[in-house]
There are 2 protein chains.
Amino acid sequence: MSDLPTHVHIMEVGPRDGLQMEARHLATADKVALVEHLADAGLTEIEVGSFVNPARVPQMANTEEVFAALPRRPGVAYRALWLNRRGLERAVATGVDLTAKLSMAASDTFSRKNVGRSVEETLAAMPEWLAIYAEEGLRDVSLSIMTTFGCTYEGYVPETRTVELIGRVIALLDEHGFRLAEADLADTTGWANPLYVQRVIGAVRDRWPDLKIKLHLHDTRGCGIANALAGLEMGVDRFDASIGGLGGCPFAGLKGAAGNIATEDFAFLCAEMGLATGLDLDRLTEAARFAEEKVGRPLPGKVFRAGHVHPGAA
Amino acid sequence: MSDLPTHVHIMEVGPRDGLQMEARHLATADKVALVEHLADAGLTEIEVGSFVNPARVPQMANTEEVFAALPRRPGVAYRALWLNRRGLERAVATGVDLTAKLSMAASDTFSRKNVGRSVEETLAAMPEWLAIYAEEGLRDVSLSIMTTFGCTYEGYVPETRTVELIGRVIALLDEHGFRLAEADLADTTGWANPLYVQRVIGAVRDRWPDLKIKLHLHDTRGCGIANALAGLEMGVDRFDASIGGLGGCPFAGLKGAAGNIATEDFAFLCAEMGLATGLDLDRLTEAARFAEEKVGRPLPGKVFRAGHVHPGAA
């Protein structure tokens, strides 16, 4: 495990990717309190909500209100998700901490079901997003690829597909004067396995050795933390996770499936392996308990229930 | 991951290590049906129960009855656990598929709380067990070391302790004309992490390069499958697991903690990585659903809920 990073950055996606799946819709005040708990724990990048169709994702209908009520702390970036130009315009108007983000899916079927557009249509719409980013003075783009490792509809996605899509986006960005700063590889419906994670990362690195890679992993089939380990072993130092393991994917055709890897479990893994995250496991435990109480169902995270303190530790 | 094994043997411990934790005590007929489901799924080694004090572990009080009612299949070994000479004598009388097994803990505090004896007392009692094994014609011994990686009372256990204990047992076996065939390293209360798993295995291998190692991992803090991956990467090809992730440890001072790694999740990981287990994931799913119904609480295993079939697969 010689390529392990020394520092690991975790972006918290629980309030967005997590809560969008929950039967119980959190009130604005509870969402704000959850985000505050997360910031207390040391998380410096928190996805607060999404600007998507409230008819399809009613859990996110109050994202504007959450941002309006949220005290901003220096050193914490409050992010949001959008899937089309209208969503991006709402995000800009709401004053989220904007990054130039392009989002697409590797699986065409998933893309059609998730955002109602094919992959080609998504690519064709990207220049519209770039126009807005240019207005905001953003030139470094992160590309998020949902279903990078496979999907419930099409099965495995070959790594050549990921390389092809990244290549096309890089060409598009070049053409418009932007730069690809990061590729976020998302295992949206939990099809990754450790060997495949390393194979896809290897294929991307072979082509673009300096491109930063982030992993967004779901624990749908119990491989989430093992897949994260496989990423760490390749030197990946940026991950998404959700507090308590909140979430799942409403459009993945999976009922009762687990959500993202749990923030506190992944932070515990990193701590035990000597990798710095800057996170306070006690505070993460409090945040997970708060999330569990508010969603009103047992969350799958393990550390917040079992504890993390070593006997005899100072 | 060049040292990955091509075949992985999984011993099912759900009916023992799993059910001993459950609030609902399974009737003999239900235990027999569960073991039959597990054999249907292709498991060839199943720990059916334990011969321990029924006042302390009432869930295992019917182990004799379960063995009496269980149809034996050729090619399937029906195992049991014992922790002292009295238990071993009951196992012999019951006709379990016996292996010469010595069991101890690395943590002295855990040892006293779990079996009421210190580590030294456990070592001192081993010749009595060996006498019985000699009568049964068994000369190849497997040594199980509970809390190899640490425990809830003492924290981390250093790898030098594991090497020391194995060395002492080997000396004892030599003296009595036995051979150490396997070391079962058990993360009884979930203190392992992937680096530490590899460090301990490395330390044991440095001293005894040909000694077979088995891993018994709990998912107490969410690292179970990642720790198993770390073992696979070191070429370890023998693991314990429990169907649905049944279980925990009643004497570990942890309430609500997760149990063993789930058989179906670990088998899925192996299958996805191209490692043969001989197991049928559909049948494992049926067994996990049966176990969940009988224990009457949601089990933590993921694959039996989310499914494992790849779209488009034959």
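Details of the structure are given in the entry above.
Residues numbered from 1 in each chain as written. Chains lettered and ligands numbered in written order. Predicted model: local features only at pLDDT ≥ 70, side-chain atom pairs only at ≥ 80, totals over all residues. Heavy atoms only, no water.

Considerations on the pairing of strand β5 (residues 140-146) of chain A
Both faces of the sheet carry side chains from a regular strand, because those side chains alternate between them.
Residue and element names in this part refer to chain A.
At step 1: In terms of residue burial, β5 counts as a mostly covered element, since 6 of its 7 residues are buried.
At step 2: Two strands pair when backbone bridges link them, and strand β4 (residues 100-105) and β5 are joined in this way by 6 bridges, in the parallel orientation. By the bridge assignment for β5, Met104 is matched with Ile145.
At step 3: Bridging between β5 and strand β8 (residues 179-187) involves 6 bridges; their strand directions are parallel. Pairing of Asp140 across the sheet is with Arg179, part of β8. (Buried < 20%, exposed > 50% of the residue type's maximum accessible area, 1.4 Å probe, protein only. Helix = DSSP H or I, 4+ residues; strand = E, 2+ residues; numbered from the N terminus. Pairing = 2+ DSSP bridges.)

What about the pattern of salt bridges?
All names here are of chain A.
At step 1: Counted by the stated rule, this structure contains 45 salt bridges over all chains.
At step 2: Residue Arg297 is joined to Glu22 by a salt bridge in which the shortest nitrogen-to-oxygen separation is 2.6 Å. Pair noted here: Arg297 is in the loop between α11 (281-295) and α12 (303-306) and Glu22 is in the loop between α1 (14-18) and α2 (28-40), with a separation of 275 residues, a long-range link.
At step 3: Here Arg297 falls in the partly exposed class, since its relative accessible area comes to 31%.
At step 4: According to the relative accessible area criterion, Glu22 is buried, its value standing at 3%.
At step 5: We note a salt bridge from Glu164 to Arg161, for which the minimum N-O separation is 3.8 Å. Residue Glu164 and its partner Arg161 are both found in helix α7 (residues 159-176); the two are separated by 3 residues, about one turn of the helix.
At step 6: When its relative accessible area of 35% is taken as the criterion, Glu164 is described as partly exposed.
At step 7: Ionic contacts of the salt-bridge type, sharing partners, join the residues Glu45, Arg79, Glu182 and Arg238 into one network. (Salt bridge = Lys/Arg side-chain N within 4 Å of Asp/Glu carboxyl O.)

Concerning the relation of the copies chain B and chain A
At step 1: Superposition record for chain B on chain A: RMSD 0.0 Å, screw rotation 180°, translation along axis 0.0 Å. The superposition of one copy onto the other is thereby described by a two-fold rotation axis. For chain B, the smallest separation between a C-alpha atom and the rotation axis is recorded for Ala226 of chain B, amounting to 2.0 Å.
At step 2: Looking at the interface residues of chain B, 100% of them are also at the interface in chain A, so both copies use one shared face. (Least-squares fit on C-alpha atoms with pLDDT ≥ 70 in both. Contact = heavy atoms within 4.5 Å.)

Side note on the packing of helix α8 (residues 194-207) of chain A against helix α9 (residues 224-233) of chain A
Residue and element names in this part refer to chain A.
At step 1: One can describe the packing of α8 onto α9 by two numbers: an axis separation of 8 Å at closest approach and a directional angle of 35°. As for how α8 packs across α9, the hand of that crossing is right-handed. For the pair α8 and α9, the contacting residues are Pro194, Val197, Gln198 and Ile201 in the first and Ala226, Asn227, Ala230, Gly231 and Glu233 in the second.
At step 2: Looking at side-chain class alone, the contact of α8 with α9 contains 5 nonpolar, 3 polar and 1 charged residues. (Axes fitted to C-alpha atoms, helices over the stretch in contact; angles between N-to-C directions. Left-handed = near helix turned anticlockwise from the far one by under 90°. Nonpolar A, V, L, I, M, F, W, Y, C, P; charged D, E, K, R; others polar.)

Considerations on empty space enclosed by the protein
At step 1: Tallied over the full model, the rule gives 5 cavities of 30 Å³ or more.
At step 2: In this model, the largest cavity occupies a volume close to 270 Å³.
At step 3: Around the largest cavity, the lining comprises 25 residues; the ones closest to its centre are Asp219, Gly222 and Lys302 of chain A together with Asp219 and Lys302 of chain B.
At step 4: Tallied by class, residues from the lining of the largest cavity come to 10 nonpolar, 9 polar and 6 charged. (1 Å grid on protein atoms, 1.4 Å probe; cavity = no way out; pocket = protein on both sides within 12 Å on 5 of 7 lines; lining within 4 Å. Points joined across faces, edges and corners; volume = space filled by probe spheres on them.)

Points about helix α4 (residues 85-94) of chain A
All names here are of chain A.
At step 1: Of all the residues in α4, the buried ones are Gly87, Leu88, Arg90, Ala91 and Thr94. Seen along its axis, α4 keeps its buried residues to an arc of 160°; they face one direction. For α4, exposure combined with an orientation more than 90 degrees from the buried face picks out Arg86 and Ala93.
At step 2: Those residues of α4 that are buried lie in contact with β2 (45-51), α3 (63-69), β3 (77-82) and α6 (119-135).
At step 3: Where α4 begins, the capping side chain belongs to Asn84, and its oxygen is found 3.3 Å from the backbone nitrogen of Arg86.
At step 4: One or two steps after α4, the chain reaches Gly95, where phi turns positive at roughly 80°. (Arc of directions from axis to C-beta. Polar contact = N/O pair within 3.5 Å; in protein donor to acceptor, adjacent residues only side chain to side chain.)

Side note on the pairing of strand β4 (residues 100-105) of chain B
At step 1: Extensive coverage of β4 of chain B is indicated by the burial of 6 of its 6 residues.
At step 2: Across the two faces of β4 of chain B the burial is the same, with Ala100, Leu102 and Met104 of chain B and Lys101, Ser103 and Ala105 of chain B all buried.

A word on the interface of chain B and chain A
The figure often quoted for interface size is the accessible area lost as the parts come together.
At step 1: Listed as interface residues are 42 residues of chain B and, on the opposing side, 42 residues of chain A.
At step 2: Each partner contributes to the roughly 3200 Å² buried at the junction of chain B and chain A, and carbon and sulfur atoms together form 68% of this total.
At step 3: On the surface where chain B and chain A come into contact, there are 2 salt bridges.
At step 4: Across the salt bridge formed by Asp219 of chain B and Lys302 of chain A, the nearest N and O atoms sit 3.3 Å from each other.
At step 5: Joining chain B to chain A, the criterion identifies 8 residue pairs in polar contact (both at pLDDT 80 or more).
At step 6: Contributions of two or more residues to the side of chain B that touches chain A are made by β7 (155-156), α8 (194-207), α9 (224-233), α10 (263-272) and α12 (303-306) of chain B. (Buried area = accessible area lost by both parts, 1.4 Å probe.)

Some remarks on the nonpolar core
At step 1: Leu102, Ile166 and Phe266 of chain A together with Leu102, Ile166 and Phe266 of chain B are the most contacted members of the largest nonpolar core, which totals 210 residues.
At step 2: Structurally, this core is a two-domain feature, drawing no fewer than three residues from each of domain 1 (1-98 + 242-314) and domain 2 (100-223) of chain B.
At step 3: Residues contacting Phe266 of chain A, with those up to four places away along its chain left out, are Val8, Ile10, Ile225, Ala228, Leu232, Phe239 and Ile261 of chain A. (Core = buried A, V, L, I, M, F, W, Y, C linked by side-chain atoms within 4.5 Å. Domains from an automatic or database assignment.)

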